[in-house]
Amino acid sequence: MFPAFCSANKGLLTPRKAWDKHDCTEESEITWGRPRILLDAVSKGRLRQLRLLLDAGVNVNSRDELSGETALIRAVFLENAKLRRISLKMLVNYGAKVKITDKTGRSALSWACYHGREDVLRIFQGNPQLDLDLGSIDNQGNTNLILACMSGNAKIVTLIARAFRRNRFDVNRRNNAGESAMSLVRQLGYKDLVDVLLDVAHVNRGHVPQRPSLTSAGIKPVAGKRPKPHTAPKQRASCNLPKLFNLYTEQLTNSYPTRQFSERKKKLSFVHEFHRSKTRYRSHEFVTH
């Protein structure tokens, strides 16, 4: 039933020691044994069995040989939200590491971003002792921000975008296919995520595709003529010169004090009257002589 391993004295190991021999060290790959049962217990949501295995001292960070997945990654895949949260908290309390990646280069955090698991991110952020390795990149060159955009979940993208800005990670990085987070959401048609990337992540405006030109839209301009921009007709300002002249004269007149202007007018009238009377006297004297 159990494999027997020969020792130096040609004795056989007990089944207990045979199981312990296949308990893996940190981040090692396993094919069978108690670590394998641990992964199966997480995948099938067997919380009681999971607790017993962890209490028995099974390595919580063991990886599957085929996929390289850890128990924490398997817990992220659970569809039942309640089982997922309980399993994650149990594994984290027993020392599960978030930064361990599978053979695709994705960690538990990366898979949580890809599947839009908001509750998983809340649990990870609620344990500051965890090393999340937020800036990790998978084998395809995708950052956690790009993976979050693939999920289409605006809350996930907002959380990751804030964390990227806080840790000064590159929000404009492109993957191996040449896609950035902004170009990806534009291609998938997630208009709400475009606003999140611009307002929260502060993605460069240069990564936003420009409006299609006339040629790309199927509209061909007439040869030899440039299409004129649509502008509103200019309104000519009305100019009434007599009215402006009257206003200027009135302002100039009011600029002088009224009393001085009246006294000056009286003096001028007196001088004119004096000259007129003098001229009359001389003309009368000439006639008499």
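Residues numbered from 1 in each chain as written. Predicted model: local features only at pLDDT ≥ 70, side-chain atom pairs only at ≥ 80, totals over all residues. Heavy atoms only, no water.

Caption draft 1: Representation of helix 8 (residues 144-151). Most of helix 8 sits out of view: 6 of its 8 residues are buried. Among the residues of helix 8, Asn-144, Leu-145, Ile-146, Leu-147, Ala-148 and Cys-149 are the ones counted as buried. Contact partners of the buried residues in helix 8: helix 6 (108-115), helix 9 (154-167), helix 10 (181-188) and helix 11 (191-199). (Buried < 20%, exposed > 50% of the residue type's maximum accessible area, 1.4 Å probe, protein only. Helix = DSSP H or I, 4+ residues; strand = E, 2+ residues; numbered from the N terminus. Contact = heavy atoms within 4.5 Å.)

Caption draft 2: Inspection of the side chain of Ser-87 at higher detail. Position of Ser-87 relative to the elements: it lies in helix 5 (residues 81-93). The exposure class of Ser-87 is buried, given its relative accessible area of 1%. Once residues within four sequence positions are removed from consideration, Ser-87 is found in contact with Leu-47, Leu-50, Ala-75 and Leu-78.

Caption draft 3: Spatial organisation of the side chain of Asn-59. Position of Asn-59 among the secondary structure elements: in the loop between helix 3 (47-55) and strand 2 (63-64). At 3.2 Å, the side chain of Asn-59 forms a polar contact with the backbone nitrogen of Asn-61. (Polar contact = N/O pair within 3.5 Å; in protein donor to acceptor, adjacent residues only side chain to side chain.)

Caption draft 4: Just the nonpolar core, in detail. Ranked by size, the top nonpolar core spans 55 residues in total, and within it Leu-72, Leu-91, Phe-124, Leu-145, Ile-160 and Leu-197 carry the most contacts. Of all the elements, helix 9 adds the most residues to this core, at 7 residues. In this structure, Phe-124 is in contact with Leu-72, Leu-88, Val-92, Val-98, Ala-108, Leu-109, Leu-130 and Leu-132, ignoring residues within four places of it in sequence. (Core = buried A, V, L, I, M, F, W, Y, C linked by side-chain atoms within 4.5 Å.)

Caption draft 5: Quick look at the confidence of the model for the protein. Residues with a pLDDT of 70 or more make up 60% of the protein, whose mean pLDDT is 76. Long-range and interchain partners of residues 1-26, a stretch whose pLDDT sits below 50, account for 31 contacts in this model, where long-range means more than four residues apart. Note that pLDDT drops below 50 for residues 207-231; the model gives that stretch 11 contacts with residues more than four away or on any other chain. (pLDDT = per-residue confidence, 0-100.)

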